[in-house]
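Close look at the chain arrangement
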Amino acid sequence: MIDRPGLADFLRRRRRLLHPADVGLPDGPRRRTPGLRREEVAQLAGVSTDHYTRLEQARGSAPSEAVVGAIARALRCDLDQRDHLLHLAGYPAPPRRSGGHVRPGLIALADRLVDVPVCIYSDLGEALWHNALLAALMGIHDGDARAGRDRNLIWRWFTEPGIRDRTPAEGWARLSASHVSDLRSTYSRRAGDHDITSLVRDLIDRSAEFRALWEQHDVAVRRSDRKDVLHPELGLIRLNCEVLLTPDEDVRLVAFFPLEGTDAADKLALLSVIGLQDFRTAT
């Protein structure tokens, strides 16, 4: 429901914060009040001055969602301000998407977690970034860069048997169910976006295991998990996974911490030294 007083107050305050130069307009004659004039905002938004004036006076017909978006652009609102304006006008804010872009600040944060494996991936399971310790843990070499579906961890889990080599077989069923329930939450949140619907459709076609789990309709965003890794030189490494959801919700940072009461911390420390070296005797 529209909040007319709140909408009117927000519009007035935003308009008064802007100068003509901020929106590409000349200063013109001396202004009696700070900020843009109502007719200037209306012109920038492509609406009538009368309609905009009524909104600032908390009266008249409710604006359409398209008009609210146009006014937000005219008032140079950032995404948070745009979402607030939509809320005041009685509309839900659109979902935000990073498009696979990883913000430098997120990588800077991940870079500081030098003693634990860290990766960043999308809500579809696409690998976007990892640190050196994660590469050593999972055996990822510099030449292993992948594109398209081949960088999607969920796709590879269900269609590429070799991807499970470093996971004990007794954990496969639990991880498969966790992958599917998390992907189901993305499927619901994305409301029919092509990238998620095509991924699910193709997984259903390619994997009977995925198809059976998808039909169970379990939904759960993965915020933490357990992961056991079978390293070829160091043996079993038992880890806790913590998932940091970004505000966009389609990029996630995952950090793997040693499981308490195990030798995982010592093995990670050793792994940080040996990296991807292979100490098996050459034949």
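Structure: above.
Residues numbered from 1 in each chain as written. Predicted model: local features only at pLDDT ≥ 70, side-chain atom pairs only at ≥ 80, totals over all residues. Heavy atoms only, no water.

1. What to know about the environment of Asp202
Basically, it comes down to this: The numbering of helices and of strands both runs from the N terminus, where a helix is a DSSP run of H or I of at least 4 residues and a strand a run of E of at least 2. Here a residue-residue contact requires only that any non-hydrogen atoms of the pair lie within 4.5 Å. Whenever two N or O atoms come within 3.5 Å, that pair is a polar contact, provided that in protein one can donate a hydrogen and the other can accept it, and provided that, for residues adjacent in sequence, both atoms are side-chain atoms.
Tracing the backbone through its elements, the reader meets Asp202 in helix H10 (residues 194-206). Between the alpha carbons of Asp202 and Met1 there is a distance of 40 Å; along the sequence they are 201 residues apart. The residues contacting Asp202, other than those within four sequence positions of it, are Arg149 and Trp155. Among the polar contacts listed, one links the side chain of Asp202 to the side chain of Arg149, at a separation of 2.8 Å.

2. Digging into the sheet that holds strand S2 (residues 127-130)
Basically, it comes down to this: Think of it this way: DSSP has to see at least two bridges between two strands before they count as a pair. Axis lines are fitted through C-alpha atoms, for helices just across the contact stretch, and the angle between N-to-C directions can take any value from 0 to 180 degrees.
Taken in spatial order, the five strands of this open sheet run S2-S1-S5-S4-S3, and their pairing is antiparallel. Each edge of the open sheet carries a strand with a single partner, namely S2 and strand S3 (224-231). Strand-to-strand twist in this sheet, taken as the mean axis angle between neighbours without regard to direction, amounts to 30°. Sheet topology places strand S1 (residues 118-122) next to S2; three bridges connect them, and they run antiparallel. Residue pairing for S2: Cys119 is matched across the bridge by His130. Contacting S3, strand S4 (235-245) and strand S5 (251-258), helix H12 (residues 264-274) runs over the sheet at an angle of about 90° to S4.

3. Remarks on the side chain of His51
By the element assignment, His51 lies in helix H3 (residues 49-56). When neighbours within four sequence positions are excluded, His51 is seen to be in contact with Ser61, Pro63 and Val67.

4. Section: the environment of Arg164
Position of Arg164 relative to the elements: it lies in the loop between helix H8 (153-159) and helix H9 (172-190). With 66 residues separating them along the chain, Arg164 and Leu230 place their C-alpha atoms 9.8 Å apart. When sequence neighbours within four positions are dropped, the list of residues in contact with Arg164 reads Trp157, Phe158, Trp172, Ser176 and Glu209. Within the structure, Arg164 has its side chain in polar contact with the backbone oxygen of Trp157 (distance 3.0 Å). A polar contact is formed between the side chain of Arg164 and the side chain of Glu209, at a distance of 2.8 Å.

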